[in-house]
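# Overview (structure and organization)
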Amino acid sequence: MRLIERIAEQYSKIELKSISVPEWGDDITVYYKPLTADELDAVTAEMPEGSSGTRSNVQVIILKALDASGKRLFSNAEAGELSGKSFAETINRVAGVMIRVVTVEQAVKNSENSPI
C-alpha cells in the first residue's frame, strides 16, 4: 500500500472529537474531525485582508461542526446568522479548538520540553 493510501485510511479512522459549548446551551456539545490542509487553506483564503479572522472561524464551524452521529450542525446558508448571533469569543474558542494548528515556535517549545 502506498503511503498516501495509508494516510487517507488513517484519516478515515479518526474518531469524532468534541467540545462543550455552554455559551450555546447547558448541554451543547459540538463534534468534529480535524481540518485537512485543503480545508484550512480554503477557509483562510476566504478571509478578507485586514479581517480579525472571526469570519474564517465561522466558516470553520459551518464546515466542521457535527452532531454525535456525524451530521453537520449548520448549513452554509447559516453562516451569517451564526456570526450575527454568537459572541466572537465563542466562535474563536470553538474554531480554535477545531483547528489546533501548531506553529513552528510551539513545536520547538514542545520538543524542548520532551524527555527524549
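Residues numbered from 1 in each chain as written. Predicted model: local features only at pLDDT ≥ 70, side-chain atom pairs only at ≥ 80, totals over all residues. Heavy atoms only, no water.

Bringing the pairing of strand S2 (residues 29-32) into the picture now. Within a regular beta strand, the side chains point alternately toward one face of the sheet and then the other, so they alternate between its two faces. On S2, burial follows the alternation: Val30 and Tyr32 on one face are buried, whereas Thr29 and Tyr31 on the facing-out side are not. Examined bridge by bridge, strand S1 (residues 17-20) and S2 share four bridges and lie antiparallel to one another. Bridging from a neighbouring strand, Ile19 pairs with Val30 of S2. (Buried < 20%, exposed > 50% of the residue type's maximum accessible area, 1.4 Å probe, protein only. Helix = DSSP H or I, 4+ residues; strand = E, 2+ residues; numbered from the N terminus. Pairing = 2+ DSSP bridges.)

This part takes up helix H3 (residues 54-64). Three or four residues apart is the spacing at which side chains of an α-helix point the same way, because the helix has 3.6 residues per turn. Where burial is concerned, most of H3 is hidden: eight out of the eleven residues are buried. Of all the positions in H3, only Thr54, Ser56, Asn57, Val58, Val60, Ile61, Ile62 and Lys64 are classed as buried. Where H3 is buried, its residues contact helix H1 (3-13), S2, helix H2 (37-45), helix H4 (79-85) and helix H5 (88-99). (Contact = heavy atoms within 4.5 Å.)

Our next topic: the environment of Ile61. Note that Ile61 resides in helix H3. Sequence separation of Ile61 and Ala79 is 18 residues, and the distance between their C-alpha atoms is 8.8 Å. Apart from residues lying up to four places away in sequence, Ile61 is in contact with Trp24, Phe74, Leu82, Ile91, Val94, Ala95 and Met98.

With the rule as written, the count across this model stands at one aromatic pair. Arranged with centres 6.1 Å apart and planes meeting at 80°, the rings of Trp24 and Phe74 form a pair that is edge-to-face. With Trp24 in the loop between S1 and S2 and Phe74 in the loop between H3 and H4, this pair connects stretches of sequence that are 50 residues apart. The exposure class assigned to Trp24 is partly exposed, which follows from its relative accessible area of 26%. Overall, Phe74 belongs to the buried group, its relative accessible area being 19%. In this arrangement the basic side chain of Lys33 is found over the ring face of Tyr11, its NZ or CZ atom lying 5.6 Å from the centre. (Phe/Tyr/Trp six-rings, centres within 6.5 Å; stacked < 30°, edge-to-face > 60°. Lys NZ or Arg CZ within 6 Å of the ring centre and 35° of its normal.)

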